[in-house]
Amino acid sequence: MPIRPIVKYGEAVLHAPARRVETIDDAIQALFADMVATMYAAPGIGLAAPQVGVGLRVIVIDLSVGEDKQQLIRLVNPEIVEREGEQKHEEGCLSIPGFAGSPARAARVVVRGLDPDGQQRVYEARELLARAFCHEIDHIDGLVFVDRLSPLKRDLMKRKLRKRVREGWEE
């Protein structure tokens, strides 16, 4: 379970839709293990495969950040099948360190995907879990939270982000 480097804003894999997973094989199991280890080490509450440089539709979420293993969600090819309401709360992203924003997210979502055993799972989520699902599914769709901000805030943040990319993300 090696900890993988987290890809930063500006890398092509973050800005392109990820490919569907056709078979949950040993490589996908290893990816899940690496992603969970990387998410906990960051620390973060969610991670999508493009954030570790892999253009596949795979996500992991754990609101407890490893404190309660029962909360760990691992999904292949997740999709939002229902959304309702709206919420806006500040969120950050492991791929955009030092930046935060409050994109409009659904207040409630129903998400369907496959677990590591290939079994279909359906989650109904509200509040923080709904935001986490929306955030990670955006990643596999080639979007980052900045893309969901109002036009003015998005343009200002993207200008700052392009400067950070040019500077090589030196912190």
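To be clear, the structure that these remarks concern was listed above.
The structure reproduced in this document is the subject of the present report. (Residues numbered from 1 in each chain as written. Predicted model: local features only at pLDDT ≥ 70, side-chain atom pairs only at ≥ 80, totals over all residues. Heavy atoms only, no water.)

**Some words on the overall build of the protein**
- Tallying secondary structure elements over the protein gives three helices and nine strands in all.
- Starting at the N terminus and walking to the C terminus, you meet the elements of the protein as α-β-β-β-β-β-β-β-β-β-α-α.
- In summary, the protein has a C-alpha radius of gyration of 15 Å against a globular reference of 16 Å for 171 residues, a match within 12%.
- Per-residue burial for the protein yields a buried fraction of 46% across its 171 residues.
- A fraction of 62% describes how many contacts in the protein between residues 6 or more apart in sequence connect residues 24 or more apart.
- Placing the 25 positive and 26 negative side-chain charges of the protein at their respective mean positions leaves the two points 7 Å apart. (Helix = DSSP H or I, 4+ residues; strand = E, 2+ residues; numbered from the N terminus. Rg over C-alpha atoms; globule rule 2.2 N^0.38 Å. Buried < 20%, exposed > 50% of the residue type's maximum accessible area, 1.4 Å probe, protein only. Contact = heavy atoms within 4.5 Å. Lys, Arg positive; Asp, Glu negative; His and termini not counted. Charge placed at Lys NZ, Arg CZ, Asp CG, Glu CD.)

**Re unusual backbone geometry**
- A cis amide bond links A42 to the next residue, P43, at an omega of -15°.
- Within the fold, P43 resides in the loop between α1 (26-41) and β1 (46-48).
- Although it is not a glycine, V65 sits at a positive phi angle of roughly 50°.
- Within the element layout of this structure, V65 appears in the loop between β2 (58-61) and β3 (73-84).
- Look at E127: it is not a glycine, yet its phi comes out positive at around 55°.
- Considering the arrangement of structural elements, one finds E127 in helix α2 (residues 127-140).
- Residue class for E127 comes out exposed when judged on its relative accessible area of 56%.

**Describing the sheet that holds strand β8 (residues 108-114)**
- The sheet built from five strands is open, its strands ordered β1-β2-β3-β8-β9 with antiparallel pairing. Across the chains shown, the open sheet's two edge strands, defined by having one partner strand only, are β1 and β9 (120-126). Ignoring which end each strand starts from, the neighbouring axes of this sheet average 35° apart.
- The pairing of β3 with β8 spans six bridges and is antiparallel. Its bridge partner being in β8, V76 is matched across the sheet by L114.
- Packing of α1 onto the sheet brings it into contact with β1, β2 and β3, and relative to β2 it is tilted by some 40°.
- Contacts between α2 and the sheet are confined to β1, β2, β3, β8 and β9, with β2 contributing the most and set at about 155° to the helix. (Pairing = 2+ DSSP bridges. Axes fitted to C-alpha atoms, helices over the stretch in contact; angles between N-to-C directions.)

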